[in-house]
Amino acid sequence: MNRFWIALAAPMAACAIVACTLPAPATAQQVRYYEVPPGGRAHDIAVTADGEEVWWTVQRGGAHGILDPDTGETTILPLGEGSAPHGVIVGPDGNAWITDGGQNAIVRVDRATREVRVWPLPADTGPVNMNTATFDHRGRIWFTGQTGFYGRLDPATDDMKVWAAPRGRGPYGITTTPSGDVWYASLAGSHIAKIDLDTGEATIVEPPTPNQGARRVWSDSQGRIWVSEWNSGNVSVHDPRDNSWRTWKLPGEAPKTYSVYVDETDKVWLTDFAANAIVRFDPATETFQSFPSDRPGANVRQMLGRPGEVWGAESGTDRLVVIRYGG
């Protein structure tokens, strides 16, 4: 297995407060790459709480990828006929939960036994192009479908419900706040929406930038909703407490902001396809740090992590990447 570390040794630079890009401090961050079996188009990624396994969706292989980050060894577990998984998260049970567009289903992989269980969407729903998922505080998994749907599965009862999105096509990213609210982003609809957890009704909230292409969302510790804006190249944040918004453009001439993830320190991690980089945003100083890939066309589609590290899958290079930070 070809694995290596890259130390980021550039010194800190002085800059203005807004939309400044800083090189990463050598003592605080390190980047490591892991090669995975080629041709699978690694899409989304998740890391277990103990850090002993990293999971990714093998979208073109219809499989669940499992990495041992200590040895670099990988295991590829088929998910079923026609599988084309998109998102993967760690559930409250410690298992892998996957949105599978090919099977039009929610899929669970038991971490201990590797048993695969599939919950298909209702037959009359039709293909929804399943994207991402999140658990609410009641143990139910909510998911998005980009053809214009969102839904909910209660694994305890096998109850599955699907709703048509209020403006049709677009539901993509989804997140749960510390208080238990669930929000999704609509890429085609250029908005975010809060879901009523009892009725399933979605209430649209408009970002200030028109046609921004809200792609993914993540909540910080205060319940603010961070949004990666694909069309505009912005990162924005909505505070539901006072209905306010703030917006920042990523560095560069024409950024393409794909994913967003907020770490345990409330720093915001993003991926920028135009810069071929992972970008870290500090809301306190309004500054950016860029971590460009050492290969072209990395196309990191998701960031997820645990305290002290963030992970991404380079869908264009058949690699996984981790950035370890702090101390």
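Please refer to the structure placed before this passage.
Computed from a predicted structure; not experimentally measured. (Residues numbered from 1 in each chain as written. Predicted model: local features only at pLDDT ≥ 70, side-chain atom pairs only at ≥ 80, totals over all residues. Heavy atoms only, no water.)

Draft legend 1. Broad picture of the overall build of the chain. Across its full length, the chain holds zero helices and 30 strands. On the principal axes, the C-alpha backbone points of the chain span a range of 55 × 50 × 30 Å. Looking at the chain residue by residue over its 327 residues, the buried ones come to 57%. Of the accessible surface of the chain, which amounts to about 12,700 Å², a share of 50% is contributed by carbon and sulfur atoms. (Helix = DSSP H or I, 4+ residues; strand = E, 2+ residues; numbered from the N terminus. Buried < 20%, exposed > 50% of the residue type's maximum accessible area, 1.4 Å probe, protein only. Areas by Shrake-Rupley, 256 points an atom, 1.4 Å probe, with all protein chains shown as cover.)

Draft legend 2. View of the pairing of strand 18 (residues 191–195). Of all five residues that make up strand 18, four are buried, and the element is covered over most of its length. In the sheet, strand 17 (residues 182–186) pairs with strand 18 via five bridges, with the strands oriented antiparallel. The residue of strand 18 that forms the bridge with Tyr-184 is Ala-193. What sits between strand 17 and strand 18 in their antiparallel hairpin is a turn of four residues, with Ser-190 showing a positive phi close to 55 degrees. (Pairing = 2+ DSSP bridges.)

Draft legend 3. Quick look at the side chain of Ser-83. With respect to the helices and strands, Ser-83 occurs in the loop between strand 7 (74–78) and strand 8 (85–90). Take Ser-83: its relative accessible area is 10%, and that puts it in the buried class. Only 2.6 Å separates the side chain of Ser-83 from the side chain of Asp-100, close enough to count as a polar contact. For Ser-83, the residues in contact, after removing those within four places along its chain, are Gln-59, Gly-62, Ala-63, Asp-100, Gly-102 and Gln-103. (Polar contact = N/O pair within 3.5 Å; in protein donor to acceptor, adjacent residues only side chain to side chain. Contact = heavy atoms within 4.5 Å.)

Draft legend 4. Here's a closer look at the sheet that holds strand 7. Taken in spatial order, the four strands make up an open sheet running 4-5-6-7, and their pairing is antiparallel. The sheet terminates laterally at strand 4 (42–47) and strand 7, the two strands that pair on one side only. Strand after strand, the sheet turns through a mean of 25 degrees between neighbouring axes, direction not considered. The pairing of strand 5 (residues 54–58) with strand 6 (residues 63–67) spans five bridges and is antiparallel. Paired with Val-54 across the two strands is Leu-67, which belongs to strand 6. (Axes fitted to C-alpha atoms, helices over the stretch in contact; angles between N-to-C directions.)

Draft legend 5. Main features of the environment of Gly-61. Its place among the elements puts Gly-61 in the loop between strand 5 and strand 6. Counting along the chain gives 236 residues from Gly-61 to Gly-297, while the straight-line C-alpha distance between them is 20 Å.

Draft legend 6. Representation of the nonpolar core. Of all hydrophobic cores here, the largest spans 36 residues; its most connected members are Trp-97, Ile-106, Ile-141, Trp-269 and Ile-278. Broken down by secondary-structure element, the contributors of at least two residues to this core are strand 3 (29–35), strand 8, strand 9 (96–100), strand 10 (105–109), strand 12 (130–135), strand 13 (141–145), strand 28 (300–306) and strand 30 (319–325). One finds Ala-42, Ile-45, Trp-56 and Ala-313 within the second-largest nonpolar core, a separate group that totals 14 residues. (Core = buried A, V, L, I, M, F, W, Y, C linked by side-chain atoms within 4.5 Å.)

Draft legend 7. Spotlight on the sheet that holds strand 8. Taken in spatial order, the four strands of this open sheet run 8-9-10-11, and their pairing is antiparallel. Strands at the two margins of the open sheet, each flanked by one partner only, are strand 8 and strand 11 (116–120). This sheet shows a mean twist of 20 degrees between the axes of neighbouring strands, independent of strand direction. Sheet topology note: the strand 8/strand 9 ladder contains five bridges and is antiparallel. Residue pairing across strands places Pro-85 opposite Asp-100, the latter belonging to strand 9.

Draft legend 8. A look at the side chain of Thr-257. Position of Thr-257 among the secondary structure elements: in strand 24 (residues 257–262). In this structure the side chain of Thr-257 is engaged in a polar contact, spanning 3.2 Å, whose partner is the backbone oxygen of Gly-233. Within the structure, Thr-257 has its side chain in polar contact with the backbone oxygen of Asn-234 (distance 3.5 Å). Once you skip the residues sitting within four places of it in the chain, Thr-257 turns out to touch Ser-228, Glu-229, Trp-230, Gly-233, Asn-234, Leu-250, Leu-270 and Thr-271.

Draft legend 9. A look at the pattern of salt bridges. One pass over the full model with this rule turns up 19 salt bridges. A salt bridge links Asp-44 to Arg-216; the shortest N-O distance between them is 3.0 Å. Of this pair, Asp-44 sits in strand 4 while Arg-216 sits in strand 20 (residues 214–219), placing them 172 residues apart in sequence. Look at Asp-44 and you get buried, because its relative accessible area is 1%. Between Arg-138 and Asp-198 there is a salt bridge, with its nearest N and O atoms 2.9 Å apart. Residue Arg-138 is located in the loop between strand 12 and strand 13, and its partner Asp-198 is located in the loop between strand 18 and strand 19 (202–205); the two are separated by 60 residues in the primary sequence. (Salt bridge = Lys/Arg side-chain N within 4 Å of Asp/Glu carboxyl O.)

Draft legend 10. The packing of aromatic side chains, seen in detail. Within this structure, the stated rule accounts for 17 aromatic pairs. Clustering of aromatic rings is evident, with ring pairs tying together Trp-142, Tyr-150, Trp-163 and Tyr-184. The ring of Tyr-325 has Arg-280 sitting right over it, with the charged end atom 6.0 Å from the ring centre. Lying over the aromatic face of Tyr-33, Arg-319 brings its terminal NZ or CZ to 3.8 Å of the ring centre. (Phe/Tyr/Trp six-rings, centres within 6.5 Å; stacked < 30°, edge-to-face > 60°. Lys NZ or Arg CZ within 6 Å of the ring centre and 35° of its normal.)

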